[in-house]
Amino acid sequence: MSQILSIENLAVTLQGDQRVIEDISLEVPEGEIVGIAGESGSGKSLTAAALLGLLPDRSQTSGHAWWRGGAEPRDLLTLDQRSWNRVRGREIAMVFQDATAALHPMLTVGTQITEHMRVHLQLSRRDARRRAVELLDRVRIPDPEASLRSYPHQFSGGMRQRVAIAAALACQPRLLIADEPTTALDVTVQAGILRLLEELRAETGLSVLFITHDLAVLAALTTQAYVFREGRVIESGATEELLFHPRHEYTKTLVAARPQADDWDEPEQVAR
Amino acid sequence: MLLGFLLRRGVITVVLLVGVTLVSFLLIQAVPGDTMSATLSEQALQDPEIVAAYRARWGLDEPLYVQYLVYMRNVLQGDLGVSQQTGRPVLDDLLTYVPATLEIALPAMLLSLVLGVAIGLYAAVKHDRAGDHAVRAGTLIGLSTPPFWLALVVLYVFFYLLGVSPSGGRLSTWIVPPERVTGSVVIDSALAGRWDAAWDAIQHTALPVLVLTVLTVAMLVRFVRSAMLEVLDADYVRAARAKGLPTSRVLTAHVLRAGLVPVITVSGLAFASMLSGTVLVEQIFSWPGVGQYAFRSASALDVPAVLGVSLFVAVVYTVVNLLVDLAYGLIDPRIRLS
Amino acid sequence: MTEPRMSEPRTPDLDADRPEQAEAEQHTDARADRILARRRWPQRLRVAEIHSIWRQPAVIAAAAILAVWVLLALLAPVLTDDPIAQSPDLYQPPSAAHWFGTDELGRDVFARVVHGARLSLPLAVVIVAFSLAIGGLVGLLAGYLGRAADEILMRLTDLVFAFPQIILAMAVAAAFGPSTRNAVIALIIVSWPIYARVIRSAVLSIRTSDFLASSRLLGVGPWQALRKDVIPNSVGPAVVLATLELGNAVLMLAALSFLGLGPRPPAAEWGAMIAAGSRDLSIWWVSVFPGLAILTVVLAFNIVGDALRDRLDPRTARGVR
Ligand SMILES: Nc1ncnc2c1ncn2[C@@H]1O[C@H](COP(=O)(O)OP(=O)(O)OP(=O)(O)O)[C@@H](O)[C@H]1O
Ligand SMILES: [Mg+2]
């Protein structure tokens, strides 16, 4: 199977010589869901940011990130602004960790789902909105027509996350990077989103790079998984293998510390 | 909820306005010695009739809180006392001078907002690079410059040295002022079809507008810059970039839209700095506005006039801030629709 | 006078009164970790980088300028002529004898400018010290007591903020009568509220943070918390503000005396000197030099204050994240 993305020895240094990612190599096979797990601060989000060229100002990277989802293979770490605007949103889309923060509070949901469709797919306003309705329907937002005219604050946290996913899927990307898209949600909503991602993968061949804290999610969704710690991959392999026969000490403690089912009832965050 | 918001703002404004009159009233009380001898001229004090009338009108024989109520009543009726200098009611004086001040303050305000947003956004985008540093240096110098001194320096350079600008006033002496319609010489001249007079008037506004703009822009730029920096750092801007939108669209549709909200709220402040500026600057340009009136009254210790001006300015400023808040409520959907 | 009250109340999005509101709402363990991790940032910045302001050439230059002015102020009687001694040499342009020329009474402008520092600098310090003491106390009380006390005190600050600063100062000074003392009182009256606001914000942000909650858990009493947590953590914003306000005080004092509401003639005061020079453009030196004096002093305070703000104020330190 071909790898749609291969990261080779990625290292990231932030402003002030702060080395936050030491050495990361990772592969995403086409049409599969690959998981990244690891403790807070281990560099998961920064890896995702590096893949989209969204690192903080004056960060330095080394290594390669070969992207084979476009016309020809390219190294994402060396793209210029022009090529970026073709890759971002079009070929690789991202769902951010905190949907509430990632949606513009003053733009309607409709605008936020359609604006990049109009740029990338050159859709008319009308067509873009029609497609947006389909997308919202797909992520199970009730009354999609009306939702297009609503603002993010009018939705609950779970719905906002689904809106963000709809926006990410708008231009039919080849790869979706999902940064803990379900952490803040309650179990049922979470299950719905996981099911949706699996469906999309099966139907459209979408590849997903799924970042999570949650080993149960990892087990349910992914075939391959990587465990990050302090900016390095400390263990990787088939998810089952990794969870049931962890080799590395750290992975063992992670698996042992896994929350039991009844620790899970976090209330869905209240929408304001 | 929008209604609730409006109501709340309205109540706060009324409370503030009452407070403002209270401050003004207390300041009158603070005038050392007899308030009357401070507010009436020597001549008037000699005349028992005037003195009696004065005591009655301001309720001076009543307890303090009654005096305040009397004062409130007078203020509400537009009676701010009589200026010792001009011998006219302070309100009449204000109404004469306000249009002149607006003629320089409004263009300066517009110019400041446009420049402030443009330069502030530029600095934020260039965060910590040469362009940002240059802007920062410029604004620091602007904030550190005494306004009246800056006015003097530009007048010296453009009038005295270069001779490209008139020395002051609203119109050259040899031009007959247009008939007063709006109170703005530029507009009135244009209305009368006297383009030469209008052009002359515009030339007279140039330097005062320049000075007021420099002062206000420095403050605005710093504010806009930090507001925009905050927005640029927001997840939703990163998300917009992650969608592959062109930079121009990210900046206008996403960054500016969010960043302008705090900017709108700060335009009330800009207005305050403009008003303060006129007090210190108009004198230098012999500009017959509220600022010069305040300056002359202050220098002559014309207490009723000074207090009248400050009360007037505070009321205008409070109302402007109310409008700004309302605009803010209308613009932000989180308030408009919640 | 046109001091940007950056921490003004009418800036909902930039107001520190609502620390990390969004995050507080979504409290899962992972999030708590993350919030704590982020909280440590400004702290680390404070300790490690406070001295790094000296790496900025502008700060060194500003400190040098201030040092020179302080020296000039101290040594003025030795260095220069009598600032109020009149001479028949009226309106002399700058020359070797009179570096900055002479004014309408034949007084040496250089001597007057240098002596002006003996007035402006100490008065600015007095204004800032009193405003800081009053405003700091009010802010601590408001932030710490909360409820009715907070409400009343903050409405009081609103009232002062309802006037543009210089205009209220002008009204107060005019009502009290023109003198150095009254100008200083007027400026204290208009400047304490900003300290109250800033200190209150600092107190509130600590009060609501996990940081104080945890000291509560450990059984630390309110007084100890005030001494150990609240005051030390309000120091940063207070220092920043005080530095910036030193410049503002110099500027406003000059403005008041430009309006004739400050120190009385023949005192050598910068603003009054500019007013004297403004009557005749041909004697530019009478007003240009005192203006430059104000500009350099205020600019120096602003540069240092700005650099300190980047280091000490957690809100702007965020930019580094
Ligand atoms: N903009 C930034 N400036 C400085 N340091 C940063 C920045 N963003 C992240 N870091 C640091 O880089 C490290 C990795 O951060 P990252 O966000 O990738 O962690 P993460 O694995 O996504 O954690 P979490 O599970 O909490 O989201 C952390 O130590 C963090 O403090
Ligand atoms: Mg993360």
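Use the structure listed above.
How each quantity is defined
Residues numbered from 1 in each chain as written. Chains lettered and ligands numbered in written order. Predicted model: local features only at pLDDT ≥ 70, side-chain atom pairs only at ≥ 80, totals over all residues. Heavy atoms only, no water. Contact = heavy atoms within 4.5 Å. Buried area = accessible area lost by both parts, 1.4 Å probe. Salt bridge = Lys/Arg side-chain N within 4 Å of Asp/Glu carboxyl O. Helix = DSSP H or I, 4+ residues; strand = E, 2+ residues; numbered from the N terminus. Nonpolar A, V, L, I, M, F, W, Y, C, P; charged D, E, K, R; others polar. Buried < 20%, exposed > 50% of the residue type's maximum accessible area, 1.4 Å probe, protein only. Axes fitted to C-alpha atoms, helices over the stretch in contact; angles between N-to-C directions. Parallel < 35°, antiparallel > 145°, perpendicular 65-115°, else oblique. Left-handed = near helix turned anticlockwise from the far one by under 90°. Donors = N, O, S within 2.8 Å, 3.2 Å for Na, K, Ca; no water. Phe/Tyr/Trp six-rings, centres within 6.5 Å; stacked < 30°, edge-to-face > 60°.

S.K.: Looking at this structure, I do not really get the interface of chain A and chain B. What am I missing?
M.R.: You'll often see interface size given as the accessible area lost when the parts meet. Across the boundary between the two partners, chain A contributes 29 residues, which contact 27 residues of chain B. Across the chain A/chain B interface, buried area totals approximately 2,500 Å², and carbon plus sulfur atoms make up 59% of it. By the criterion of area lost to chain B, the three top residues of chain A are His104(A), Met106(A) and Glu115(A), representing 24% of everything that side buries. Counting across the chain A and chain B interface gives four salt bridges. Where Lys243(B) meets Glu115(A), a salt bridge forms, and the shortest distance between an N and an O atom there is 2.9 Å. Of all the secondary-structure elements, those providing two or more residues to the side of chain A that touches chain B are helix H2 (81-87), helix H3 (99-102) and helix H4 (109-120) of chain A. Sorting elements by how many residues they give to the side of chain A that touches chain B places H4(A) first, with six residues. Among the residues making up the side of chain A that touches chain B, the classes are represented as twelve nonpolar, twelve polar and five charged.

S.K.: Got a minute to help me understand unusual backbone geometry in this structure?
M.R.: Most peptide bonds take the trans form, and the phi angle of most residues other than glycine is negative. With an omega dihedral of 10 degrees, the bond running from Pro265(C) to Pro266(C) counts as a cis peptide bond. Relative to the elements of secondary structure, Pro266(C) occurs in the loop between helix H9 (222-258) and helix H10 (270-277). Phi at Arg58(A) is positive, roughly 60 degrees, even though this residue is not glycine. With respect to the helices, strands and loops of the structure, Arg58(A) is situated in the loop between helix H1 (44-51) and strand E4 (60-67). A relative accessible area of 43% places Arg58(A) in the partly exposed class. Positive phi values are uncommon outside glycine, yet Glu230(A) reaches one of about 50 degrees. For Glu230(A), the position within the fold is in the loop between strand E9 (224-229) and strand E10 (232-238).

S.K.: How should I be thinking about the packing of helix H6 (residues 90-125) of chain B against helix H14 (residues 303-331) of chain B in this particular structure?
M.R.: Between two packed helices, both the angle of their axes relative to each other and the distance between the axes serve to describe the pair. Residues and elements named next belong to chain B. Relative orientation of the contacting elements H6 and H14 amounts to 55 degrees, with a least axis distance of 10 Å. With respect to H14, the element H6 is oriented oblique. Pair H6 / H14 crosses with right-handed handedness. Only Pro304, Ala305, Gly308, Val309 and Phe312 of H14 make contact with H6, whose side of the interface consists of Val90, Leu94 and Val98.

S.K.: For this particular structure, what's the right way to read the environment of Ala256(A)?
M.R.: All names here are of chain A. Structurally, the position occupied by Ala256 is in helix H11 (residues 249-256). Given a relative accessible area of 65%, Ala256 falls into the exposed group. Remark: the alpha-carbon pair of Ala256 and Ser6, spanning 250 residues in sequence, is separated by 30 Å.

S.K.: Quick question: what am I supposed to make of the coordination of the magnesium ion (ligand 2) here?
M.R.: Perfect tetrahedral coordination of a metal by four donors corresponds to 109.5 degrees between them, and perfect octahedral coordination by six donors corresponds to 90 or 180 degrees. All names here are of chain A. Listed as protein donors to the magnesium ion (ligand 2) are Ser45 (OG) and Gln97 (OE1); their distances from the metal cover 1.9 to 2.5 Å. With a gap of 52 residues between them, Ser45 in helix H1 and Gln97 in the loop between strand E6 (92-95) and H3 connect regions that are remote in the sequence. Here Ser45 falls in the partly exposed class, since its relative accessible area comes to 30%.

S.K.: In this structure, what is going on with the packing of aromatic side chains? I would like to understand it.
M.R.: To describe a pair of aromatic rings, you give the distance between the ring centres and the angle between the ring planes. For the structure on display, the rule yields 14 aromatic pairs over all chains. Each ring, one from Tyr97(B) and one from Tyr293(B), has its centre 5.2 Å from the other, and the planes form 35 degrees; the classification is tilted. Of this pair, Tyr97(B) sits in helix H6 while Tyr293(B) sits in helix H13 (residues 290-299), placing them 196 residues apart in sequence. Residue classification places Tyr97(B) among the partly exposed positions, given a relative accessible area of 23%. Summarising the aromatic geometry, the rings of Trp284(C) and Trp285(C) are spaced 5.7 Å apart at their centres and angled 85 degrees between planes, so their arrangement reads as edge-to-face. Note on Trp284(C): relative accessible area 28%, which makes it partly exposed. Accessibility expressed as a relative area gives 6% for Trp285(C), which makes it buried.

S.K.: Help me understand the interface of chain B and chain C in this model?
M.R.: Between chain B and chain C, the contact holds 59 residues from the first and 56 residues from the second. Both faces combined, the contact of chain B with chain C buries some 5,300 Å², and carbon together with sulfur accounts for 74% of it. When the buried surface of chain B facing chain C is broken down by residue, Ser144(B), Phe148(B) and Trp149(B) rank first, second and third, together holding 12% of it. Across the contact surface, chain B and chain C share two salt bridges.

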